[in-house]
Amino acid sequence: MSQASVVQETEPLLQHPELRTYSNESTTPDTPDTETAVPTKDFGTSRGQQLGLLSVVSLIFNRIIGTGVFAAPSVILRSSGSVGLTFVMWIIGALVSAAGTAVYVEFGTGLPRNGGEKTYLEYIYRRPAFLMSCIYASYGILLGQVPAASIAFGGYALHALGYEQTAANVRIVACLCIVACLVVHGVFPTVGVTLQDTLGMFKLVVLLLISASGLFSLVGIPGFAVGETYSQPHNFEWTTFWEGSNMNANAFTNGVYLVIWSFIGYSNANYALSEVRNPVQTIKRAGPLAMLLVTIVYVLVNIAYYAVVSKGDILESGTIAAALFFRNLFGPATERVLSVVIGLSILGNILAVLFSQGRVNQELGREGILPCSQLLASNGPFDAPFFGLFIQSLVSILTVLLTPAGDAYAFVVNFTSYPLALFNLLISGGLLLLYTHPYKSYNWNPPYRAPKYVVTFFFLSNVFLVVVPIIPPSNGFEIYEHLPYYSHVVMSLAVGLAGVLYWFVCFDYLPRKSGYRLQQDTITEANGRARQVIRRIPIHLE
C-alpha cells in the first residue's frame, strides 16, 4: 500500500514524501508521472500561520456579504415574479454554493497553501508547462477585483455623511477607500485582519437584528408593526405566495444567475491557506460554517423583507428592499443609518477581497514567470505581501478612474465576474478528471473528498454560468444599453488569450528560436524565504 493511500484525516496530502517531488523541466511527459509532474512546492510565508477559525470564517463571510444582501432581493423578485419562486431561486443558489464549498474544501485539504484556483489549475493541467500559470497571471494582474465595491462604498459613504454624490466625489472616496485598505493590509497586517474580523461580526449582528425585526413584525409583536401610511404586506399568505410567478425561461435563468453570483466567495480562504493555523482541519470546519451562516442570513433577511414590505412596493419602487424595510418599520429618518450599515458591509468585503488577491499576486511572483517576480514574491518591507496588494490596488484605482458611467461600469462588473466561472468550470472538471484512471498516478487522495455527484453538480452549474451570458437576452432583460450583450465574454476571453500569447512568446517560441530550454529552480534567500526562478539552459551545453 502506498503512503498516499493512508493519509490521515488531519494531514494534508503534501506532507507525504512521494508527493513532494517536482519537475524543474520546462516540459512534462505525455503521461502523468509522480516522479516528475507533481507541482507541490510550498513556499510558506515569513509571517507564519496567523489565521484561526474565526478569521477564516470572516474571510469567506466578508467576501460574500457585500451589497447583494441589501439590493439583490429586489432585482431577483423582478425576475421571479413571485415571493415563492424567489425562495426557490435562493435555495438553488445555496445548493450550488454548498457544492462549490465542498470542491474547494477538497482542494484546500489536499493542497493547503496560498494561491486558490492558481494552485489547483497548475496541479491538474500540467502540460504545456507554465501555460496555465501564464493564463491565470493575465487575469490576476490585469483585473482589479474591488472597483465595483469601492464605488458602491463611495456612494453610501457620501450619503451617510450628507455630501453630494457626484461622479467625481464618488470616485475620490472610492480611491481613498482602496488606498486605506492597502495601507491597513500592507503596512499593518495584524490590524487589517482584526478590522475585517470585526466588520464581519458587525455585519452578522446587523443582519440578524434585521431578521429578528422582520420576524417580530410577521408574528405581530408590538412595536414592530408596519407604518399605517405604507402598503401592508401579505406575502406569506398561500394565495399570494406564488402569485405572479414568471415561468419565462430567460427570466428564471436571469434570476438564478443573479442568486448564484450572490453566493460567490466560498473560495476566498483558499487563497491564504499558508497563513492558516492547522489549515486542513480549519478549512474543513470554516468553509461549511461560513456558508451555513451566509445561507441562514440570506433566507432570514429575505423573510424579514417580505414580512415588512409589500411585493408591489418592491416591484414598483426603484429603491432597494433594505431601504423600504427600514422606512416601513422605523420611518424614513433611518435612511442614513442604513447607508452607514451598507457602507461598513462593503468595506468588510473590500478588505477580504484585497487580503486574498494580494496573496494570489504574491504566489504569481513566487512562480518566477512574471517580470519583477522578486518584488511580487516579497514580504517586505512590512512583513506583508505589500507589492502584491499594491498591484491589485493600482489596477482597481485605474479601473475606478477610467471607467465612465452607464454601460461601461456594468461591463466592468461582469468583466471581473465571468473569468471566475471559467476557472470554476476548469477546476470542477479537473477534479472529476482526478477521479479517473488516466490520472491515477497523480495519487490524489486528500483528507476530505467531496461526493462525486456534488462535484458533477458544481461542474454543471458553472457550465450554466459560462453559457448563459452567450445567449441573447429577452426584451426587458438586456444587460447593457448600447454595448453588445456578449461584450464582457469577449473581453474576458481576450485577457486569457493574452496569457496564452505571453506563454507562447516567452516559454515556447523564444526558447526554440534561441536554442535554450527553461528550467524552474527553487532558491532560498537570506531571510529563509523560498521562491522560484526561471533559468535559461543552453541546449548545446547539455
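Numbers given for residues are sequential positions, taken from 1 along each chain in its written order. Owing to the predicted nature of the model, reporting of local features is limited to residues with pLDDT of at least 70; listing and counting of side-chain atom pairs is limited to 80 or more, with chain, interface and lining totals taken over all residues. Excluding hydrogens and water, the side-chain figures rest on all heavy atoms present in the structure.

### Structural notes on the overall build of the protein
Thinking step 1. Helix and strand labels come from DSSP, where a helix needs a run of H or I of at least four residues and a strand needs a run of E of at least two; each type is numbered from the N terminus. Tallying secondary structure elements over the protein gives 19 helices and 2 strands in all.
Thinking step 2. Here's how the labels work: a residue is buried when its accessible area is under 20% of the maximum for its type, exposed when over 50%, partly exposed in between, all with a 1.4 Å probe on protein chains only. Within the span of the protein, comprising 542 residues, buried residues form 56% of the whole.
Thinking step 3. Whether two residues are in contact is decided by their heavy atoms, any of which lying within 4.5 Å being enough. Contacts spanning at least 24 positions in sequence make up 79% of the contacts within the protein whose residues lie at least 6 apart.
Thinking step 4. Note on areas: these come from Shrake-Rupley sampling with a 1.4 Å probe, and a residue is covered only by the protein chains present in the view. Of the roughly 22,100 Å² of accessible surface on the protein, 66% is carried by carbon and sulfur atoms.

### Here we look at the confidence of the model for the protein
Thinking step 1. Looking at the protein as a whole, the pLDDT averages 82, with 87% of positions reaching at least 70.
Thinking step 2. pLDDT gives the predictor's per-residue confidence on a scale running from 0 to 100. The secondary structure element of the protein with the lowest average pLDDT is helix α15 (residues 373–377), at 78, and the one with the highest is helix α3 (residues 83–110), at 94.
Thinking step 3. With pLDDT under 50 throughout, residues 1–40 is counted as low confidence; its partners more than four residues away or in other chains account for 93 contacts.
Thinking step 4. Long-range and interchain partners of residues 42–46, a stretch whose pLDDT sits below 50, account for 20 contacts in this model, where long-range means more than four residues apart.

### With respect to the packing of aromatic side chains
Thinking step 1. A pair of Phe, Tyr and Trp rings is counted when the ring centres sit within 6.5 Å of each other, with Trp represented by its six-membered ring. The angle between the planes then sorts it: under 30 degrees is stacked, over 60 is edge-to-face, the rest tilted. Taken as a whole and assessed by the stated rule, the structure comprises 32 aromatic pairs.
Thinking step 2. Connected via pairs of aromatic rings, a cluster forms that spans Tyr 104, Phe 107, Tyr 120, Tyr 123, Tyr 266, Tyr 439, Tyr 442, Trp 444 and Phe 458.
Thinking step 3. Over a ring means this: the NZ of a Lys or the CZ of an Arg is within 6 Å of the ring centre and within 35 degrees of the ring normal. A cation sits over an aromatic face here: Arg 126 above Tyr 442, 3.4 Å from the ring centre.
Thinking step 4. We note Arg 359 situated over the ring of Phe 355; from NZ or CZ to the ring centre the distance is 3.7 Å.

### Focus: the side chain of Ser 393
Thinking step 1. Along the chain, Ser 393 turns up in helix α16 (residues 386–402).
Thinking step 2. Looking at Ser 393, the relative accessible area reads 2%, which means it is buried.
Thinking step 3. Setting aside its immediate chain neighbours within four residues, Ser 393 contacts Ile 178, Leu 182 and Leu 354.

### Details of helix α4 (residues 117–124)
Because each turn of an α-helix spans 3.6 residues, side chains separated by three or four positions in sequence point in the same direction.
Thinking step 1. Counting buried positions along α4 yields 8 of 8 residues, so the element is predominantly enclosed.
Thinking step 2. Restricting attention to buried positions, one finds in α4 the residues Glu 117, Lys 118, Thr 119, Tyr 120, Leu 121, Glu 122, Tyr 123 and Ile 124.

### Let's talk about unusual backbone geometry
Glycine aside, a negative phi is what most residues show, and trans is what most peptide bonds show.
Thinking step 1. Omega for the bond connecting Arg 127 with Pro 128 falls within 30 degrees of zero, at -10 degrees, which places this linkage in the cis form.
Thinking step 2. Residue position: Pro 128 is located in the loop between α4 and α5 (131–142).

### Quick look at the environment of Val 308
Thinking step 1. Assignment of secondary structure puts Val 308 in helix α11 (residues 279–308).
Thinking step 2. The exposure class of Val 308 is buried, given its relative accessible area of 0%.
Thinking step 3. Taking the C-alpha atoms as reference points, Val 308 and Val 226, 82 residues apart in sequence, are found 6.2 Å from one another.
Thinking step 4. With residues near it in sequence (within four places) discarded, Val 308 still touches Gly 214, Ser 217, Val 226, Pro 233, Phe 325, Asn 328 and Leu 329.

### Remarks on the environment of Leu 131
Thinking step 1. Tracing the sequence through the fold places Leu 131 in helix α5.
Thinking step 2. Taking the C-alpha atoms as reference points, Leu 131 and Tyr 502, 371 residues apart in sequence, are found 9.0 Å from one another.
Thinking step 3. Those residues in contact with Leu 131 that lie beyond four places of it in its chain are Val 500 and Trp 503.

### With respect to the packing of helix α6 (residues 147–161) against helix α7 (residues 167–187)
Thinking step 1. Note on geometry: axes are lines fitted to C-alpha atoms, helical ones only across the stretch in contact, with angles between N-to-C directions running from 0 to 180 degrees. Remark: α6 packs on α7, axes separated minimally by 8 Å, with the N-to-C direction vectors making an angle of 115 degrees. With respect to their mutual orientation, α6 and α7 come out roughly perpendicular. For α6 against α7, the interelement crossing comes out right-handed. Two secondary-structure elements touch here, α6 through Ser 150, Ile 151, Phe 153, Gly 154, Gly 155, Ala 157 and Leu 158 and α7 through Asn 169, Val 170, Val 173, Ala 174, Cys 177 and Ile 178.
Thinking step 2. Under the scheme applied here, ten amino acids are nonpolar (Ala, Val, Leu, Ile, Met, Phe, Trp, Tyr, Cys and Pro), four are charged (Asp, Glu, Lys and Arg), and all others, including Gly, are polar. Taken together, the residues of the contact of α6 with α7 sort by class into 9 nonpolar, 4 polar and no charged. In what follows, roughly perpendicular refers to angles from 65 to 115 degrees, roughly parallel to angles under 35, roughly antiparallel to angles over 145, and oblique to any angle outside these ranges. Left-handed is the label given to a crossing in which the near helix is rotated counterclockwise from the far helix by less than a right angle, and right-handed is the label when the rotation is clockwise.

### Examining the pattern of salt bridges
Thinking step 1. For salt bridges, the criterion is a side-chain nitrogen of Lys or Arg within 4 Å of an Asp or Glu carboxyl oxygen. Counted under the stated rule, the structure contains 6 salt bridges.
Thinking step 2. Between Arg 113 and Glu 363 there is a salt bridge, with its nearest N and O atoms 2.5 Å apart. In this pair, Arg 113 sits in the loop between α3 and α4 while Glu 363 sits in helix α14 (residues 335–367), placing the two residues 250 residues apart along the sequence. Taken as a pair, Arg 113 and Glu 363 share a single burial class, namely buried.
Thinking step 3. Of the charged contacts in the structure, one is a salt bridge between Asp 508 and Arg 512, with a shortest N-O distance of 2.8 Å. Taken together, the positions of Asp 508 and Arg 512, both in helix α19 (residues 487–514) and 4 residues apart, correspond to about one turn of that helix.
Thinking step 4. Judged by relative accessible area, which is 22%, Asp 508 ranks as partly exposed.
Thinking step 5. You can call Arg 512 exposed: its relative accessible area is 55%.

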